[in-house]
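# Inside the fold
Chain by chain, the residues run as shown.
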Amino acid sequence: MGAVEQPTDPNFKSGLAVLVGRTNVGKSTLLNALVGTKIAIVTPKPQTTRDTYHGIVHRPEGQIVFVDTPGIFKTQPSRLVQNLHHKVRDALEGIEVLVHVVDPTRSIGIEDERVNGIVAHAVQPKILVINKLDLPNRYYRDSWLEYAQGGVAGVTAAEAGASAPKARYASVIEVSALKDKNIELVIQAIFRHLPVGPAQYPLGQVTNVTNEFWIGELIREKLYLQTNQEVPYTAAVHVELVEDRKDKQGKPLVYIKAAILTTDDRHQRMLIGQGARMVRNIGSAARKELEVAMNKKVFLDLAVLIDDEWMDRLS
Ligand SMILES: Nc1nc2c(ncn2[C@@H]2O[C@H](COP(=O)(O)OP(=O)(O)OP(=O)(O)O)[C@@H](O)[C@H]2O)c(=O)[nH]1
Ligand SMILES: [Mg+2]
């Protein structure tokens, strides 16, 4: 990154905040709500996010760089899951504030306990964000509030026999990332812990990901939404070319050449589908969203190829 033009305010604050939590709690949805635009892809399937990318929030008082992380996920150890967990630990290096996102509609399980362990060991100030405030079935909300106060999740401090429990978080905030409720409270809570410092990104820049990467992620989101069982987890997307061209009428068109990479020919056949229906549906859903986002016509040339080494390259 080149030199960034600096604000004149001598009290300008700056720093990194990392979003951690079990898979599916809504970290990526929260990142998008914080930044105010869709940076990260979101799906109802676990293990959607695979990379730790930045979403940048600009305010007159400073700049917060949010780092989205892959959710902690319990499965048989696989190369993919191991690589994702290493990414979460690496993401804690060099950050100022830790934002622990939880889902109060789901019971507190092994995955949460693993995250609680990681969070408990971190030395940074911590904020607990209890997401999905829009849902009525937030049965585990009180358990999380008690945990935040220093109790064992699901057990009150009195029951646990603890004397004067110590609060685990600097703030606890209930939000709806989906419905954009209380998002500004998270931003203001983080600013309270950020040091005075120079802006890391130019004003107006909302992410560090390249256009190619973002296009690939959007195609991967559509793939996650349209395929089942293990298929999404055996697939990755590689964007080879993004080029401004003209259509037959001379109107501007973005030409995109991309490939879905999968590990073997059985999955390749599933991703292509009967009469190429699956790959066509994925491509058409991605193209529609890209056309809206880019405000231009898009031609998406999408292939399905076998590449059994993509998981190794993720680390
Ligand atoms: N009702 C409701 N649903 C939400 C909210 N936030 C996220 N979701 C949904 O929860 C699911 C998971 O959201 P993601 O943002 O992909 O979750 P994540 O924590 O990033 O998941 P991984 O990337 O797999 O770790 C999606 O279906 C979201 O639409 C919320 O505030 N309310
Ligand atoms: Mg995510």
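The structure presented is a predicted model; accordingly, all values stated were derived computationally and were not measured.

### A closer look at the domain arrangement of the protein chain
A common measure of how large an interface is: the accessible area buried when the components associate. Here the protein chain is described as being made up of domain 1 (13-191) and domain 2 (211-313). If you average the C-alpha positions of domain 1 and of domain 2, the two centres end up 30 Å apart. Counting from both sides, the interface comprises 17 residues of domain 1 and, opposite them, 20 residues of domain 2. Where domain 1 touches domain 2, the interface holds two salt bridges. Residue Glu-221 is joined to Lys-38 by a salt bridge in which the shortest nitrogen-to-oxygen separation is 2.7 Å. Inspection of the region where domain 1 meets domain 2 yields 14 residue pairs in polar contact (both at pLDDT 80 or more).

### Details of the coordination of the magnesium ion (ligand 2)
Bound to the magnesium ion (ligand 2) on the protein side are Ser-28 (OG) and Thr-49 (OG1), at distances that span 2.0 to 2.2 Å. Here Thr-49 lies in the loop between helix 1 (27-35) and strand 2 (54-59) and Ser-28 lies in helix 1, a separation of 21 residues in the sequence. A relative accessible area of 8% places Ser-28 in the buried class. Under the relative-accessibility criterion, Thr-49 is labelled buried at 6%.

### Examining the site of ligand 1
The full set close to ligand 1 counts 22 residues, and Thr-23, Lys-27, Thr-29, Thr-48 and Asp-134 are the nearest of them. Here Thr-49 contributes a side-chain N or O atom positioned 2.8 Å from an oxygen atom of ligand 1. Within the side chain of Asp-134, an N or O atom sits 2.7 Å from a nitrogen atom of ligand 1. A total of 660 Å² of accessible area belongs to ligand 1 in isolation, and the protein chains cover 91% of it. Here the shell around ligand 1 is composed, by residue class, of seven nonpolar, twelve polar and three charged.

### A look at the pairing of strand 8 (residues 252-262)
Counting buried residues in strand 8 gives nine out of eleven residues, a clear majority hidden from the surface. Note: strand 7 (residues 235-246) against strand 8, eleven bridges, orientation antiparallel. Bridged to Leu-241 within strand 8 is Lys-257. The antiparallel hairpin formed by strand 7 and strand 8 contains five residues in its connecting segment, where Gly-250 sits at a positive phi of about 85 degrees. Pairing geometry for strand 8 and strand 9 (residues 297-306), over ten bridges, is parallel. If you follow Tyr-255 over to strand 9, its bridge partner there is Phe-299.

### Quick look at the packing of helix 1 against helix 6 (residues 183-191)
Taken N-terminus to C-terminus, the directions of helix 1 and helix 6 make an angle of 80 degrees; their axes are 9 Å apart at the nearest point. Judged by the angle between their axes, helix 1 and helix 6 are roughly perpendicular. Residues Leu-30, Ala-33 and Leu-34 of helix 1 touch helix 6, and the partners they reach there are Ile-183, Val-186 and Ile-187. Considering only residue class, the contact of helix 1 with helix 6 consists of six nonpolar, no polar and no charged.

### Observations concerning the sheet that holds strand 6 (residues 171-174)
Paired through backbone hydrogen bonds, the strands of a sheet run either parallel or antiparallel to each other. Taken together, six strands build an open sheet; the order of strands is 2-3-1-4-5-6 and the sheet is mixed. What marks the edges here is a single partner per strand, and that holds for strand 2 and strand 6. The sheet shows a mean angle of 25 degrees between the axes of neighbouring strands, taken without regard to direction. Pairing between strand 4 (residues 97-102) and strand 5 (residues 126-130): five bridges, direction parallel. Note on strand 5: the bridge partner recorded for His-100 is Leu-128. Strands strand 1 (13-20), strand 4 and strand 5 of the sheet are contacted by helix 3 (residues 110-121), whose axis makes an angle of about 160 degrees with strand 4.

### Some thoughts on the pairing of strand 1
The buried count for strand 1 comes to six of eight residues, which makes it a mostly enclosed element. Of the pairings in the sheet, the one linking strand 1 to strand 3 (residues 62-68) comprises seven bridges and is parallel in character. Across the sheet, Ala-17 pairs through a bridge with Phe-66, a residue of strand 3. Sheet topology note: the strand 1/strand 4 ladder contains four bridges and is parallel.

Calculation notes
Residues numbered from 1 in each chain as written. Chains lettered and ligands numbered in written order. Predicted model: local features only at pLDDT ≥ 70, side-chain atom pairs only at ≥ 80, totals over all residues. Heavy atoms only, no water. Domains from an automatic or database assignment. Contact = heavy atoms within 4.5 Å. Salt bridge = Lys/Arg side-chain N within 4 Å of Asp/Glu carboxyl O. Polar contact = N/O pair within 3.5 Å; in protein donor to acceptor, adjacent residues only side chain to side chain. Donors = N, O, S within 2.8 Å, 3.2 Å for Na, K, Ca; no water. Helix = DSSP H or I, 4+ residues; strand = E, 2+ residues; numbered from the N terminus. Buried < 20%, exposed > 50% of the residue type's maximum accessible area, 1.4 Å probe, protein only. Near = heavy atom within 4 Å. Areas by Shrake-Rupley, 256 points an atom, 1.4 Å probe, with all protein chains shown as cover. Nonpolar A, V, L, I, M, F, W, Y, C, P; charged D, E, K, R; others polar. Pairing = 2+ DSSP bridges. Axes fitted to C-alpha atoms, helices over the stretch in contact; angles between N-to-C directions. Parallel < 35°, antiparallel > 145°, perpendicular 65-115°, else oblique.

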